[in-house]
Amino acid sequence: AQSVTQPDIHITVSEGASLELRCNYSYGATPYLFWYVQSPGQGLQLLLKYFSGDTLVQGIKGFEAEFKRSQSSFNLRKPSVHWSDAAEYFCAVGPFGGYQKVTFGTGTKLQVIP
Amino acid sequence: DVKVTQSSRYLVKRTGEKVFLECVQDMDHENMFWYRQDPGLGLRLIYFSYDVKMKEKGDIPEGYSVSREKKERFSLILESASTNQTSMYLCASRTTGQANEKLFFGSGTQLSVL
């Protein structure tokens, strides 16, 4: 069965500092991997995704993520955090090719302090 | 722009009532999903559908059923609402096909069962 683990429930960083949010997945075949962001009172928005090719993927708002098959990880990074990045971040895994379920992690809530 | 519409933003129901949550998408997507979102638990998949009249159980289907009579509409039914079904319910539809792979979420329905 597919699953996603986000080990950090809350993370606090200072504005301008770098950020890394961890995600580990379990999936038996080639996965689609996603990061979504949910700002307070907002719906979920896709930040970036990986399905093949270059293991370092770029997303919106200056985020990037690196797929490491050997570690079953897909960590999200940003070199310099802005106050507007305060939100909840969800990692997700789905099968290649669609028509099956997409499984989300429990989320990491990011707090940004001035 | 892509649109997933959930009929109610807030809903208050009594224990034992039958509850219908409606979701409509305007993108001709085949895949549609119902998740519930609870603090600390992330998004958990209740049911999904990959075509009209086709449905698959997700990870937490107990106490719920779904209906997909038309491609654009996916309904979640709580046959007899209980207090532990108080939650935020999110509907999503999905493009498929490599670079286009993405979930589009509605704005959610906050259901309170008293």
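In case you missed it, the structure is sitting above this.
Parameters at a glance
- Residues numbered from 1 in each chain as written.
- Chains lettered and ligands numbered in written order.
- Predicted model: local features only at pLDDT ≥ 70, side-chain atom pairs only at ≥ 80, totals over all residues.
- Heavy atoms only, no water.
- Core = buried A, V, L, I, M, F, W, Y, C linked by side-chain atoms within 4.5 Å.
- Buried < 20%, exposed > 50% of the residue type's maximum accessible area, 1.4 Å probe, protein only.
- Helix = DSSP H or I, 4+ residues; strand = E, 2+ residues; numbered from the N terminus.
- Contact = heavy atoms within 4.5 Å.
- Buried area = accessible area lost by both parts, 1.4 Å probe.
- Salt bridge = Lys/Arg side-chain N within 4 Å of Asp/Glu carboxyl O.
- Polar contact = N/O pair within 3.5 Å; in protein donor to acceptor, adjacent residues only side chain to side chain.
- 1 Å grid on protein atoms, 1.4 Å probe; cavity = no way out; pocket = protein on both sides within 12 Å on 5 of 7 lines; lining within 4 Å.
- Points joined across faces, edges and corners; volume = space filled by probe spheres on them.

Caption draft 1: Highlighting the nonpolar core. Of all hydrophobic cores here, the largest spans 26 residues; its most connected members are A:Leu19, A:Trp35, A:Leu47, A:Leu48, A:Phe74, A:Leu76 and A:Tyr89. If you list the elements that add at least two residues to this core, you get strand S2 (10-14), strand S3 (19-21), strand S5 (31-38), strand S6 (44-50), strand S8 (64-68), strand S9 (73-78), strand S10 (87-95) and strand S12 (108-113) of chain A. Core analysis: the second largest hydrophobic core is formed by 22 residues, B:Met27, B:Ala81, B:Tyr89 and B:Cys91 among them.

Caption draft 2: Inspection of the interface of chain B and chain A at higher detail. Contacts between the two partners involve 25 residues from chain B and, on the opposite side, 22 residues from chain A. Of the roughly 2,000 Å² buried at the junction of chain B and chain A (both faces included), carbon and sulfur atoms supply 57%. Here chain B and chain A share one salt bridge between them. With a closest N to O distance of 2.7 Å, B:Asp59 and A:Lys101 form a salt bridge. In this assembly, chain B and chain A are joined by four residue pairs in polar contact (both at pLDDT 80 or more). Mapped onto the side of chain B that touches chain A, the elements with two or more residues apiece are strand S5 (31-38), strand S6 (42-51), strand S10 (87-95) and strand S11 (102-105) of chain B. Residue contributions to the side of chain B that touches chain A peak at five residues, all from S6(B).

Caption draft 3: Examining the pattern of salt bridges more closely. According to the stated counting rule, one finds eleven salt bridges over all chains in the structure shown. Taking the shortest distance from any N to any O, the salt bridge between B:Glu79 and B:Lys18 comes out at 3.5 Å. With B:Glu79 in the loop between strand S9 (73-78) and S10 and B:Lys18 in the loop between strand S2 (10-13) and strand S3 (19-21), the pair connects residues that are 61 residues apart, well separated along the chain. Owing to a relative accessible area of 45%, B:Lys18 belongs among the partly exposed residues under this scheme. Salt bridges sharing partners connect three or more residues here, namely A:Glu64, A:Glu66 and A:Arg77.

Caption draft 4: The arrangement of empty space enclosed by the protein in detail. Residue and element names in this part refer to chain A. On inspection of all chains with the given rule, the structure shows one cavity of 30 Å³ or more. Of the volumes computed, that of the largest cavity is approximately 40 Å³. In terms of lining residues, the largest cavity is bounded by Val37, Ser39, Leu47, Lys61, Phe63, Ser84, Asp85, Ala87 and Tyr89.

Caption draft 5: Expanded view of unusual backbone geometry. Positive phi, close to 50°, is recorded for A:Ser72, a residue that is not glycine. You can see A:Ser72 is positioned in the loop between S8 and S9. Phi is positive for B:Asp28, which is not a glycine, with a value near 60°. Within the secondary structure, B:Asp28 sits in the loop between strand S4 (23-25) and S5.

Caption draft 6: Spatial organisation of the environment of A:Ser14. Residue and element names in this part refer to chain A. Position of Ser14 among the secondary structure elements: in strand S2. Using a relative accessible area of 36% as the deciding quantity, one classes Ser14 as partly exposed. For Ser14 and Gln42, which are 28 residues apart along the polypeptide, the C-alpha to C-alpha distance reads 23 Å. Residues contacting Ser14, with those up to four places away along its chain left out, are Val81, Val112 and Ile113.

Caption draft 7: Expanded view of the environment of B:Ser49. Residue and element names in this part refer to chain B. With respect to the secondary-structure elements, Ser49 resides in strand S6. Assessed through its relative accessible area of 0%, Ser49 is described here as buried. Considered as a pair, Ser49 and Ser67 are 18 residues apart in the sequence and their alpha carbons are 8.9 Å apart. The residues contacting Ser49, other than those within four sequence positions of it, are Glu30, Asn31, Met32, Met54, Lys55, Arg68 and Phe74. At 2.9 Å, the side chain of Ser49 and the backbone oxygen of Asp51 are in polar contact. At 2.6 Å, the side chain of Ser49 forms a polar contact with the backbone oxygen of Met54.

Caption draft 8: Representation of the layout of surface pockets within the structure. Taken as a whole, the largest pocket holds about 420 Å³ of empty space. Lining the largest pocket are 19 residues, and of these A:Gln38, A:Glu88, A:Lys109, B:Gln37 and B:Pro39 lie nearest its centre. Put simply, the parts of the chain that give the lining of the largest pocket at least two residues each are S10 of chain A together with S5 and S10 of chain B. Broken down by element, the residue count for the lining of the largest pocket peaks at three residues, all from S10(A). Counted as a void, the second largest pocket has a volume near 360 Å³. Among the secondary structure elements, those contributing two or more residues to the lining of the second largest pocket are S6 of chain A together with strand S1 (4-6) and S11 of chain B. With four residues, the top contributor of residues to the lining of the second largest pocket is S11(B).

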